[in-house]
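# Fold and geometry: a report
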Amino acid sequence: RSQCSDEDWVKPRIHCPALPEVEVKVSSRADESGDIVPVLFLTLTEPPDGSVFTVQGTEVNVLEVTTNSSLCIRYMFPEKIPSVLKEPDEPWTFTLDRIVADPGLKYQVSASNLPKPDVGTRSKVQEITVPGCQNREMQKLKACLENGSLWDPNLTWAVLKTENGGGTITMTFNTGQFSELYRVDVHQPDFHTNLSLTVSKDNRTSVNASFPVSAWQLKGCGFVFVIKPFFVRCMNSCSEYQETVQICSHTYPSSHNPTDQKEVESVPVHRPSKLFIIYSLDHPLYKEIVLKLCAFLRAKCGTEVTLDLLDFTWLSTVGTIQWLDMQRERLSRCSDKVLILCSPGVYAKWRGMCGGKRVMTREDIRSPIGDMLTPALSLIIPDFVQASSFQKYIVAYFDDVCSKKDVPALFNVAVKYQLMKHFEELFFRLMNNEKHEPGRIKQVEGIGGNDYFHSLPGRALKDAIETFQAYQLANPNWFEMEIVDTNGELEENGHEQDTGSETNRRCALQNQLWAREITTHALINNVEGQMHMAEPIGPTADCTVSDFSLNGIYPTIPLVSTLSSQISHTGSPNKPDKMQK
């Protein structure tokens, strides 16, 4: 259960046992289906003194840090421990290995013997983080395999010239174990070429995708190849593989293979273009990612970043529209770039601008400057009808917490970068340079997807991404929870829509939002496509769910849990329980 009642288990200190010594580590074991799952492995060592005779049971508490969800497990001993030591010089020890954990999440664990003393020392809390799917050992677990943890496309491509002056681009890549379909895209930003093809695995270990291109398209060198898998666990949210290549017309017929010998050249970091970042305030944790990205750009790349959150004093002085117009005027006179960070909020607000319902998030309401994305998009839209302006705009998204579907159709004419996987390519774009050139590959150490986190700013950015990713895993409907119906909220409380300053309206709405959060029912889970609502219960309420879960303190029907334990309520020393079905 989520919490254990202390009723009848608090006794005078003189009648209570001392605290056990707890050791926690991450392990793995097979579940009832035979699949290997990650678990928290606890070893509890009883004190080698006379208080061991008063031990009637053991209580273990586990807290999942990101969502603050808790789990309480109790072992009850049917008989007293017969001796101080199990064997000469060996204290009594018990193990627990039934707490299923999720890759990449952090947990707090504590344990105490029963009964508990009314006064005295509290149990010590230990923290442990389960390695993510990037860990070599975790990659072999089914939870990670079904997300494509071991998939390596090993992409190769070839360009064959045809008699009419055109050509055919043929891509060959490896398939994954748990993905049957793949969408293959070819983009050519200079000519606005967007080709797409869906291929099926059909029990093959590798597949081909061919795209015919015209002679005038072959005159350009820059292409972007994208492979989107659909693994059974992540489906439409799976990370896509993207590679920017250089195809030059004078090399036909030509081919590319990763095993080909190319000169790799390390280049120094020159001061790139200044960068203006446009984004949506989707969530406080996403805002933290944006701020950490700015710190990384400044500290590691020497990039001067303009961000509304970092220029609040001047922005509040001149006003939102004036401040944005000043940035646009500055960009029109120099080679500075605009980075558009796409997210669910960007896509939703763009749809609202196209005639849908206006969208605002809770973080927009809390922010003193409000929603900056909508007016920013209104100012830059005219630039997207002029091909000469495309080079100023860079479209990107954090593929660990967002996806390609969060990119509005307006930006399909631009190359889309996955962060931090393609950050190095984005950085070369800021320097008005190319990473790949015929016969050589240029690189900048410490900013690539595999090593950016080795620096302090990069480590802070990676931690922020992983924290938000863990929150999303625990709250799949997180974005729907963040959306605020501004008109509905204000009208229900009798506020006029057209009176008062914008700041006062936001403050009034924020106060109403807080009040509604206290009284609103809690959405507990989505089991087999059905939403279940539950009322909060008191700490002494009875819970009959046999599978413990970290989905909060609300009992409901058996849940699909992010952290579950399948042990029984009772047990005996040194006798592990059988898993319940």
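Presented here is an overview of the structure given in this document. Here the structure is a predicted model, which means the values were calculated and not measured. (Residues numbered from 1 in each chain as written. Predicted model: local features only at pLDDT ≥ 70, side-chain atom pairs only at ≥ 80, totals over all residues. Heavy atoms only, no water.)

### Section: the sheet that holds strand E13 (residues 193-200)
What counts here: Two strands are said to pair when DSSP picks up at least two bridges between them. Here a strand is any run of E in DSSP of at least two residues, a helix any run of H or I of at least four, and the numbering for each starts at the N terminus. Between N-to-C directions, angles cover 0 to 180 degrees, with each direction set by a line fitted to C-alpha atoms, over the stretch in contact for helices.
One open sheet accounts for four strands, arranged E13-E12-E15-E16; its pairing is antiparallel. In this open sheet, the two edge strands, each paired with only one partner strand, are E13 and strand E16 (241-246). Each adjacent strand pair in this sheet contributes to an overall mean axis angle of 15°, direction not counted. Note: strand E15 (residues 222-231) against E16, six bridges, orientation antiparallel. The residue of E16 that forms the bridge with Ile227 is Tyr241.

### Considerations on the nonpolar core
Condition: In this description, a nonpolar core means a group of buried Ala, Val, Leu, Ile, Met, Phe, Trp, Tyr and Cys residues linked to one another through side-chain atoms lying within 4.5 Å. Type-normalised accessible area, obtained with a 1.4 Å probe on protein chains alone, sets the label of each residue: buried when under 20%, exposed when over 50%, and partly exposed for intermediate values. Whether two residues touch is decided by their heavy atoms; if any such pair falls within 4.5 Å, the residues are in contact.
Ranked by size, the top nonpolar core spans 70 residues in total, and within it Ile277, Leu293, Leu341, Phe398, Met420 and Phe423 carry the most contacts. It is helix H3 (residues 284-301) that contributes the most residues to this core, eight residues altogether. Beyond its immediate chain neighbours, meaning those up to four positions away, Ile277 contacts Cys294, Leu297, Val305, Thr306, Leu307, Leu339 and Leu341. Core analysis: the next-biggest nonpolar cluster, separate from the first, contains 29 residues, Val52, Val62, Leu96 and Ile99 among them.

### Section: the packing of aromatic side chains
Stated formally: We call Phe, Tyr and Trp rings a pair once their centres come within 6.5 Å, taking the six-membered ring for Trp, and we label the pair stacked below 30 degrees between planes, edge-to-face above 60, and tilted otherwise.
Counted under the stated rule, the structure contains 13 aromatic pairs. Each ring, one from Phe468 and one from Tyr471, has its centre 6.5 Å from the other, and the planes form 20°; the classification is stacked. Taken as a pair, Phe468 and Tyr471 lie in helix H10 (residues 456-474) at a separation of three residues, close to a single helical turn. Residue Phe468 is classed as buried on the basis of its relative accessible area, which comes to 0%. For Tyr471, a relative accessible area of 13% gives the class buried. A ring pair is formed by Trp478 and Phe479, whose centres lie 5.6 Å apart and whose planes are at 70°; its orientation type is edge-to-face. This pair shows no difference in class: Trp478 is buried, exactly as Phe479 is.

### Quick notes on the packing of helix H5 (residues 320-332) against helix H8 (residues 373-380)
Short version of the rule: Orientation is classified from the angle alone, with under 35 degrees giving roughly parallel, over 145 giving roughly antiparallel, 65 to 115 giving roughly perpendicular, and any other angle giving oblique. Left-handed describes a crossing in which the near helix is turned anticlockwise from the far one by less than a right angle; the clockwise case is right-handed. Each residue is assigned to one class: nonpolar for Ala, Val, Leu, Ile, Met, Phe, Trp, Tyr, Cys and Pro, charged for Asp, Glu, Lys and Arg, and polar for all the others, Gly among them.
Orientation of H5 relative to H8, taken along the N-to-C sense of each, is 40°, at an axis distance of 10 Å. In this view, H5 runs oblique relative to H8, as classed from their interaxial angle. H5 and H8 meet at a crossing whose hand is right-handed. Side by side, H5 and H8 meet where Thr320, Ile321, Leu324, Asp325 and Arg328 of the first sit next to Pro375, Ala376 and Leu379 of the second. In the contact of H5 with H8, the residues fall into five nonpolar, one polar and two charged.

### Thoughts on the sheet that holds strand E24 (residues 416-419)
For sheets, the rule is that strands pair by backbone hydrogen bonds, running either parallel or antiparallel. Spatial strand order, E20-E19-E21-E23-E24: five strands in an open sheet with parallel pairing. At either end of the open sheet lies a strand with only one pairing partner, and these are strand E20 (305-306) and E24. By the bridge criterion, four bridges tie strand E21 (residues 337-341) to strand E23 (residues 393-398) in an arrangement that is parallel. By the bridge assignment for E23, Val338 is matched with Tyr393. Across the face of the sheet, helix H9 (residues 423-430) comes into contact with strand E19 (275-278), E21, E23 and E24 while running at roughly 130° to E24.

### A short note on the packing of helix H6 (residues 344-353) against H8
The N-to-C vectors of H6 and H8 enclose an angle of 65°; their axes lie 10 Å apart at closest approach. Once H6 is placed against H8, the crossing between them reads as right-handed. Of H8, the residues touching H6 (which contributes Gly345, Val346, Lys349, Trp350 and Met353) are Leu373, Thr374, Leu377 and Ser378. Tallied by class, the residues present in the contact of H6 with H8 amount to five nonpolar, three polar and one charged.

### Re H10
Quick reminder of the rule: By this rule the span expected of a helix is its residue count minus one, scaled by 1.5 Å.
Helix length check: H10, at 19 residues, gives a terminal C-alpha distance of 27 Å against a target of 27 Å (1.5 Å per residue), a fit within 8%. All of the buried residues in H10 are Gly458, Leu461, Lys462, Ala464, Ile465, Phe468, Ala470, Tyr471, Gln472 and Ala474. On its buried face, H10 is in contact with strand E4 (57-64), H3, E23 and helix H11 (478-482).

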